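Results of the structural survey
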Amino acid sequence: MAFGSNREALEELCRSRGAVGFGVCQLSDIRTDDFLLPERTVRDLPLAVSIALHLSPAVLGTLEDHPNQLYEHHYRQVNFALDRLALDLANLIQNLGAQALPIAASQLVDWQNQRGHLSHKRVAVGAGLGWLGRNNLLVTPRHGAQVRLVTVLTDLGLAPDHAMENGCGSCRACVAACPAKAISDTPAEFKHLDCFTKLKEFQSRRYVSQYICGLCVRACGGTRDA
Ligand code: B12
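Presented here is an overview of the structure given in this document. (Residues numbered from 1 in each chain as written. Predicted model: local features only at pLDDT ≥ 70, side-chain atom pairs only at ≥ 80, totals over all residues. Heavy atoms only, no water.)

So, the state of the cysteines
Per the counting criterion, the structure on display carries zero disulfides. The thiol of C178 is unpaired, and the distance to the nearest cysteine sulfur, on C195, comes to 6.4 Å. (Disulfide = S-S within 2.5 Å.)

Dropping the structure here:
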């Protein structure tokens, strides 16, 4: 099958399941040395398909100054939908005669350092879905940071996409919204520890049972047409 028709088949499945973002990242174009995956896996599966599902702006709209149970349930359901989609996409790729490795939407493999197998954000940037915003999240032109991500590694013949320029412009909505004051002018200045401490506080107050917040996500709904 040609590159174009492979992509069409994959993208059609993802769009039919509600994906608002789909792209292909060539792993050699991004930093992979801190991915918690065997070296041979990254070598043998040189492409990553990045998929985004839209969060519900209505659910996010119920957040005031802390996370709530509506958001927690929605967060879990979107993760579940992403994992199912990644599994079905992997099956489709296998039926096309190639290898596919779905990476969990939200799974920790290093609890101490709070790390997943790989950074879905970094893959999504390389796949041209958006850019890394001030809020340290993947920001898309159309839906802002109100997307969650999943990745499928593969050796299927696909043409890679290109990264997009940062489009935050002068917007600083997330800076004002962050309850931990963890957001500054650039994502490199993002204060991970302050964010994490606030998330732990929210959990210990029993607003939610997971380390989530959502306020920087609510503040970033997208400003441009795709
Ligand atoms: C553990 C974790 C956390 C930890 C943070 C730990 C950490 N070190 O990052 C805690 C609990 C604090 C957390 C908080 C949140 N998280 Co979280 N988290 C994860 C998880 C499971 C693993 C992250 C990881 O391994 N990080 C390790 C570092 C190395 O990678 P990274 O932070 O993703 O990316 C860094 C580098 O890759 C680099 N980078 C990224 N892109 C690029 C591009 C270029 C060109 C370069 C050079 C570098 C570069 O800069 C990034 C920032 O330091 C991911 C899922 C996943 N597997 O990606 C979700 C994930 C990152 N979280 C997500 C979200 C939404 C949140 C929260 C909003 C909570 C919530 N759901 O309400 C907050 C937001 C905090 C914020 N503003 O950054 C989403 C982000 C979606 C998006 N639109 O970007 C993810 C991708 C889950 C998903 N499936 O969608 N999270």
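There's plenty left to go through after this.
Some points on the sheet that holds strand β6 (residues 147–154)
With respect to topology, four strands assemble into an open sheet ordered β1-β2-β6-β3, the strand pairing being antiparallel. Of all the strands in the sheet, just β1 (19–26) and β3 (100–103) have a single pairing partner and so form its edges. Along the sheet, successive strands turn relative to each other by an average axial angle of 20°, direction set aside. Here seven bridges tie β1 to strand β2 (residues 47–54), and the two strands are oriented antiparallel to one another. Bridge pairing in β2 links G23 to S50. (Pairing = 2+ DSSP bridges. Helix = DSSP H or I, 4+ residues; strand = E, 2+ residues; numbered from the N terminus. Axes fitted to C-alpha atoms, helices over the stretch in contact; angles between N-to-C directions.)

Observations regarding helix α1 (residues 3–16)
Taking 1.5 Å of rise per residue, 14 residues should cover 20 Å, and α1 covers 20 Å from first to last C-alpha, within 8% of that figure. Among the residues of α1, those classed as buried are N6, L10 and C14. Seen end-on, α1 carries its buried residues on one side only, within an arc spanning 60°. Set apart from the buried face of α1 by more than 90 degrees, the exposed residues are E8, E12 and S16. (Expected span 1.5 Å × (residues − 1). Buried < 20%, exposed > 50% of the residue type's maximum accessible area, 1.4 Å probe, protein only. Arc of directions from axis to C-beta.)

Some remarks on the packing of aromatic side chains
Note on aromatic pairs: each is described by the distance of the centres and the angle between the planes. Inspection of every chain in the model, using the stated rule, returns three aromatic pairs. Their ring planes at 90° and their centres at 5.3 Å tell us that F196 and Y211 sit as a pair that is edge-to-face. With F196 in helix α7 (residues 192–204) and Y211 in the loop between α7 and α8 (215–218), this residue pair connects regions lying 15 residues apart in the sequence. Linked through ring pairs, W111, F196 and Y211 together constitute an aromatic cluster. (Phe/Tyr/Trp six-rings, centres within 6.5 Å; stacked < 30°, edge-to-face > 60°.)

With respect to the nonpolar core
Within the largest apolar cluster, 43 residues are counted, with the highest numbers of intra-cluster contacts made by L10, I51, L89 and I93. Listing elements by their share of this core, those giving two or more residues are α1, β1, β2, α3 (57–60), α4 (69–95), β6, α7 and α8. Looking at this core, the element that brings in the most residues is α4, giving nine residues. In contact with I93, not counting residues within four places along its chain, are L10, A98, Q99, A100, V152, T154 and L156. C25, V123, A124 and L149 belong to the second largest nonpolar core, which has 19 residues in total. (Core = buried A, V, L, I, M, F, W, Y, C linked by side-chain atoms within 4.5 Å. Contact = heavy atoms within 4.5 Å.)

A closer look at the side chain of T151
The residue T151 is located in strand β6 in this model. Separated by 2.7 Å, the side chains of T151 and H120 make a polar contact. Leave out the neighbours within four places in its chain, and T151 touches A48, V49, L101, P102, I103, L118, H120 and V123. (Polar contact = N/O pair within 3.5 Å; in protein donor to acceptor, adjacent residues only side chain to side chain.)

Considerations on the environment of W111
In this fold, W111 is placed in the loop between β3 and α5 (120–126). Classification of W111 by relative accessible area gives exposed; the value is 55%. Residues W111 and K200, 89 residues apart in the sequence, show an inter-C-alpha distance of 14 Å.

Notes on the site of the ligand
Close to the ligand lie 32 residues, the nearest being Y71, G116, N135, L138 and L149. N135 is positioned with one of its backbone polar atoms (N or O) 2.7 Å from a nitrogen atom of the ligand. Within the contact set of the ligand, an oxygen atom lies 3.2 Å away from a backbone nitrogen or oxygen of G214. Mapped onto the shell around the ligand, the elements with two or more residues apiece are α4, α5, β6, α7 and α8. Take the shell around the ligand: its biggest share by element is four residues, from α7. The residue makeup of the shell around the ligand, split by class, is 19 nonpolar, eight polar and five charged. (Near = heavy atom within 4 Å. Nonpolar A, V, L, I, M, F, W, Y, C, P; charged D, E, K, R; others polar.)

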